[in-house]
Each structure stands twice: as C-alpha cells, then as structure tokens.
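# Structure at a glance
Here's the letter readout for the chains.
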Amino acid sequence: MSTILGASRPDPAAYMLRAAGGGAGRAYKQELIELLDVRPGQTVLDVGCGPGTDLPALAERVGDAGTVIGVDHDPAMLAEARLRTAHLPVTDLREGDAHALPVAPGTANRAKIDRVLMHVADPAGVLAQLHTATRPGALVGLVEPDWDTLAVDAEDLDTSRAFTRYTTSDVVRNATIGRSLARLAERAGFVVQTVLTTTPVFRDFEDADHMLGLGRNTQRAIEEGRIDATRARRWFASLSEGPFYASFTLVTVLCSR
C-alpha cells in the first residue's frame, strides 16, 4: 500500500488507458459511443484521442468505407495510438492542437471530445473549431468532469473539502467545465440534444490514489501552504485504513450541428 505523499505523476498514456479500462470508464465511454450513433461509411473525429482508447470501437462502426480521424498534440500519445490501430486502415492519426484542428471544414459526420476541454487554454475556441470541422447535421459528443463535485469520505471532512477546493482552484485548469458544457456548446452554434451525468465511484484506495492524485496533490497543497502538513498527512493516512469511498460527476452532452 502506498502512503508516500508526492508520488510522481503516472505515465500519461498508461493513466488514460487505466482510466478507460475501469468499470466507470467503460460505462460512460460506451454510453457516449452509443449516443453518437456512428454509421458505416461516416467520418468520425476524435479530438484529443490520446493513446487511441476509443479508436478501435469507432473504426468498427464506420466499417471499411468510413474514416476515423484521431487528433492529439502529444507525439507520444499518437505513437501509442498508432500501435493500437496498426491493424485498422480506416484510422487517420494527425498531430495537432485542438485550438487549430488539422481538419478541413465540414469534414466530420460525428465528433467527440472526452475529458480534453478541462485542460485547454480556450474551451470556447476549441468548440468553435469543432463546429467548423463538422458537417451540418453532424452529432457531437462532449464529456467533461465537474471537479467541484469531488467527494472523498473521511472523518476529517474539512480536509476532504480543502482537497477538493485545491483540486478545483490549482490542479485542473478548467475544473468545472462539465457544468458549462451545454452553455458553451450552444454558444458555439450547436444544438444541445441530451445532457446526462455519470458518477464514477472509487472503493479501492490504491486505485483512487492513482486516478485522483490523492497523494501527489496533497503533497503539492502542503508545499504551497494550502493545507496544514500534519493534518493533511493524517488525513491521507486515514484514507487507507478502512472502507474507502470517493466519487465525482462526469457530464455528457450530445449536440447536433
């Protein structure tokens, strides 16, 4: 059991694959793909495709006559995605910034952005790019968390709340983007069809420590004077001592162009 604060950040590709492979990750991703209603022969755009987690499922749905375009700014992510899709000739992986998509206007029948807008400098600008890249009648799926809803059970509730506040204010760039998705999508010119929420639940301390950054972000909060060191270390140690619970809310928005 890890009780060391300040553990190094996990490898990004491994982190994303683990997140997608968990029960909650599989559930919301399957829901998103079903909502997109991908048809054979279509062109699907995956913005921020990462290590290619969703590309095989999308490629299966577009069939031999379709195309799945994966865009990511990280060459290491794209290298992993190429390994995962080497047997899928319908995939087209492109290095590029979500703020300046390397896609011609009106290219995609379907598009998705999954937990990317929380990291970008200008979410509204990315959605404007997505609007340009999609065709009239296209369906677009957006998924983002609302980190204000992060709940970690502990007897020291004040420190749990302090950890959530620190996550929202200092760790994640656009921490409450989930609640804003529908509004931002409409402002970008999309028509919102559906808004759904999913609540990933963590009952395993080690898994939550890895996925939610409990230890490493607590250490950062201590170093920045945001949480008292003694209290924070006691709080973190207590999380592994008994039944564990943590959760947060993911918001899924389905739009049409």
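Residues numbered from 1 in each chain as written. Predicted model: local features only at pLDDT ≥ 70, side-chain atom pairs only at ≥ 80, totals over all residues. Heavy atoms only, no water.

## Comments concerning the overall build of the protein
When helices and strands are counted, the protein shows ten helices and eight strands. Compactness check: the protein gives a C-alpha radius of gyration of 19 Å against a globular reference of 18 Å for 257 residues, within 12% of the reference. C-alpha atoms of the protein, sized along the principal axes, occupy 60 × 40 × 30 Å. Counting across all 257 residues of the protein, residues that qualify as buried make up 53%. Once local pairs closer than 6 in sequence are excluded, the contacts in the protein between residues at least 24 apart make up 78%. Of the roughly 11,500 Å² of accessible surface on the protein, 49% is carried by carbon and sulfur atoms. If the 27 positive side-chain charges of the protein are averaged to one point and the 33 negative ones to another, these points end up 3 Å apart. (Helix = DSSP H or I, 4+ residues; strand = E, 2+ residues; numbered from the N terminus. Rg over C-alpha atoms; globule rule 2.2 N^0.38 Å. Buried < 20%, exposed > 50% of the residue type's maximum accessible area, 1.4 Å probe, protein only. Contact = heavy atoms within 4.5 Å. Areas by Shrake-Rupley, 256 points an atom, 1.4 Å probe, with all protein chains shown as cover. Lys, Arg positive; Asp, Glu negative; His and termini not counted. Charge placed at Lys NZ, Arg CZ, Asp CG, Glu CD.)

## Section: the packing of aromatic side chains
Within this structure, the stated rule accounts for five aromatic pairs. Linked through ring pairs, Trp147, Phe202 and Phe248 together constitute an aromatic cluster. (Phe/Tyr/Trp six-rings, centres within 6.5 Å; stacked < 30°, edge-to-face > 60°.)

## Structural notes on the pairing of strand β1 (residues 43–47)
With five of its five residues buried, β1 lies for the most part within the structure. Because side chains alternate across β1, one face comprises the buried residues Thr43, Leu45 and Val47, and the other comprises Val44 and Asp46, equally buried. At this point the chain moves from β1, through helix α3 (residues 55–62), to the parallel strand β2 (residues 67–72), and the crossover so formed is right-handed. As paired elements, β1 and strand β4 (residues 108–114) share four bridges and run parallel to each other. Bridge pairing in β4 links Val44 to Arg110. (Right-handed = clockwise from strand over helix to strand, strands pointing away. Pairing = 2+ DSSP bridges.)

## Points about helix α7 (residues 177–187)
Turning to α7, its buried residues are Ile177, Gly178, Ser180, Leu181, Leu184 and Ala185. Looking straight down α7, one finds its buried side chains confined to an arc of 140°; they lie on one side. Residues of α7 that are exposed and point over 90 degrees away from its buried face: Arg179, Glu186 and Arg187. Of the surrounding elements, those touching the buried residues of α7 are α5 (123–133), β5 (134–152), β6 (191–198) and β8 (246–256). (Arc of directions from axis to C-beta.)

## Focus on the pattern of salt bridges
Counted according to the given criterion, the structure contains 13 salt bridges. The partner of Asp114 in a salt bridge is Lys29, and the shortest N-O contact between them spans 2.6 Å. In this pair, Asp114 sits in strand β4 while Lys29 sits in helix α2 (residues 23–36), placing the two residues 85 residues apart along the sequence. With relative accessibility at 6%, the residue Asp114 sits in the buried group. Look at Lys29 and you get buried, because its relative accessible area is 9%. (Salt bridge = Lys/Arg side-chain N within 4 Å of Asp/Glu carboxyl O.)

## A look at the nonpolar core
Residues Leu45, Leu130, Leu142, Leu212, Leu214, Leu239 and Phe244 are the most contacted members of the largest nonpolar core, which totals 69 residues. Among residues more than four places away in sequence, those in contact with Leu45 are Ile69, Val71, Leu101, Val103, Ala108, Arg110, Ala111, Lys112, Leu130 and Ala133. Judged by nonpolar contacts, the second largest core, of six residues, contains Ala162, Ala221, Ile222 and Ala232. (Core = buried A, V, L, I, M, F, W, Y, C linked by side-chain atoms within 4.5 Å.)

## What about the packing of helix α8 (residues 205–212) against helix α9 (residues 214–223)?
Following both chains from N to C, one finds α8 and α9 inclined at 55°, their axes separated by 6 Å at the closest point. In terms of their interaxial angle, α8 and α9 are classed as oblique. Here Phe205, Ala208, Asp209, His210 and Leu212 of α8 come into contact with α9, specifically with Leu214, Gly215, Arg216 and Asn217. Looking at side-chain class alone, the contact of α8 with α9 contains four nonpolar, three polar and two charged residues. (Axes fitted to C-alpha atoms, helices over the stretch in contact; angles between N-to-C directions. Parallel < 35°, antiparallel > 145°, perpendicular 65-115°, else oblique. Nonpolar A, V, L, I, M, F, W, Y, C, P; charged D, E, K, R; others polar.)

## Looking at the packing of helix α6 (residues 157–171) against α9
Where α6 contacts α9, the axes come no closer than 10 Å and their chain directions differ by 80°. Comparing their axes, α9 and α6 come out roughly perpendicular. Taken together, the residues of α9 that come into contact with α6 (itself represented by Phe163, Tyr166, Asp170 and Val171) are Leu214, Asn217, Thr218, Arg220 and Ala221. Partitioned by chemical class, the residues of the contact of α6 with α9 number five nonpolar, two polar and two charged.

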